[in-house]
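# Close look at the chain arrangement
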Amino acid sequence: MRSGLLGEGNLLDARGELCEGGYAFSQVKSYDRGAIKGKKLRIKEWDYYYFGDDEYAVALTVADNSYMSLASASVIDFTHLKYITESKVGLLPRGKLKMPSNCSEGNVRFKKGNVDISFDIDSDGTRRLRCEYKKYNGKRDFACEMTFEPIETDNITVAVPFEKRKQFYYNTKINCLKGSGWFSLGDMRHEFENAYGGLDWGRGVWPYKNRWYWASLSCEVEGVSLGLNLGYGFGKPVASENVIVYNGKANKLGEVKFEIPYTQGKLDYLKPWKITDDKERLELQFYPMIDRKDHMRVLFLATDQHQVFGKFYGKATLDDGTIITLTDKIGFAEHVKNQW
């Protein structure tokens, strides 16, 4: 398998193995679920959207994990430092959700019981997200609509192998989705102002046990869009997913490290983190506000997830040496361990 900067072509070869691993600033490889030769119940496909301002954020997920489907909606309240997450699960979808084969076209729909979520992309690239979740939080209903402008920026796309040759992860992260929207929860309604969004688009065949670190920030600095995508920990990466997207242009970083404090021998997610890279281009302090955590163990499934929302401060250096200073910018950083 070759590695480095990804070229155009099929993601998988005739054996169902990655043709090459590496990164690109657009989704150059063609993903085809039908080309997968690994265990069918290990296929995982998801779309995760985040959209927020300085008061609230909404996160929506639709996933087909082969043995289970998942639709979730989260409301994060930065004013009162609290969150709500509700999820609907289905059994053995095994591709029935028909998740799109690329991040630029195709529609996603999950409708089950009291939940109806749709992610649609118009012919001009406009994205429309809708969710209705009856009795979302007790007796209150949740609804939201968000519209994102066509994407004209670089993204970060990685093809990552695992230990087993027919296992892989193909992932695209898009920062700085610009748009408008609203959500309602019972009688309360919030119109987003000066908001940015992001997309985590993932397709792959995963091992049973895994962990990862991931941080994402989409904001403006002195009127110019700035996105950070930082992560590591899963698979056998031949290139990092770490990137600064400034004014739509990707500036590639090398390896990064998240330093999460310990208290009495345990990770303390609500104390300040430090995030740095191997070339001294990244000096960030992350001050947590909310730990959106989920700990579950049912039969052979287990998860320990901490998606921590907070504020980023520090400096990031672009390819040309320009230093961008971050102050009081809301994003998130997470540490996840799964047995799934």
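For the structure itself, consult the block above.
Okay, so let's go over this structure. Given the structure is predicted, the values throughout are model-derived calculations rather than measurements.

### Overview of the pairing of strand 10 (residues 115-121)
- Of all 7 residues in strand 10, 6 are buried, a share of seventy percent or more.
- As paired elements, strand 9 (residues 108-112) and strand 10 share 5 bridges and run antiparallel to each other. Along strand 10, the bridge assignment pairs Lys 112 with Val 115.
- Two successive antiparallel strands, strand 9 and strand 10, enclose a turn made up of 2 residues, where Gly 113 displays a positive phi of approximately 60 degrees.
- As paired elements, strand 10 and strand 11 (residues 127-137) share 7 bridges and run antiparallel to each other. Each bridged residue has a counterpart across the sheet, and for Phe 119 the counterpart in strand 11 is Leu 129.
- Connecting strand 10 to the antiparallel partner strand 11 that follows it, the hairpin turn spans 5 residues, and Gly 125 within it adopts a positive phi of roughly 95 degrees.

### Section: the pairing of strand 3 (residues 20-24)
- Of all 5 residues making up strand 3, 4 are buried, and the element is well covered by its neighbours.
- Examined bridge by bridge, strand 3 and strand 13 (residues 156-161) share 3 bridges and lie antiparallel to one another. The partner of Tyr 23 across the bridge, within strand 13, is Val 158.

### Describing the nonpolar core
- Counting residues in each nonpolar core, the largest one holds 47 residues, and the members touching the most others are Leu 60, Phe 142 and Phe 168.
- Core analysis: the second largest hydrophobic core is formed by 30 residues, Ile 76, Trp 206, Met 289 and Ile 330 among them.

Parameters and conventions
- Residues numbered from 1 in each chain as written.
- Predicted model: local features only at pLDDT ≥ 70, side-chain atom pairs only at ≥ 80, totals over all residues.
- Heavy atoms only, no water.
- Buried < 20%, exposed > 50% of the residue type's maximum accessible area, 1.4 Å probe, protein only.
- Helix = DSSP H or I, 4+ residues; strand = E, 2+ residues; numbered from the N terminus.
- Pairing = 2+ DSSP bridges.
- Core = buried A, V, L, I, M, F, W, Y, C linked by side-chain atoms within 4.5 Å.

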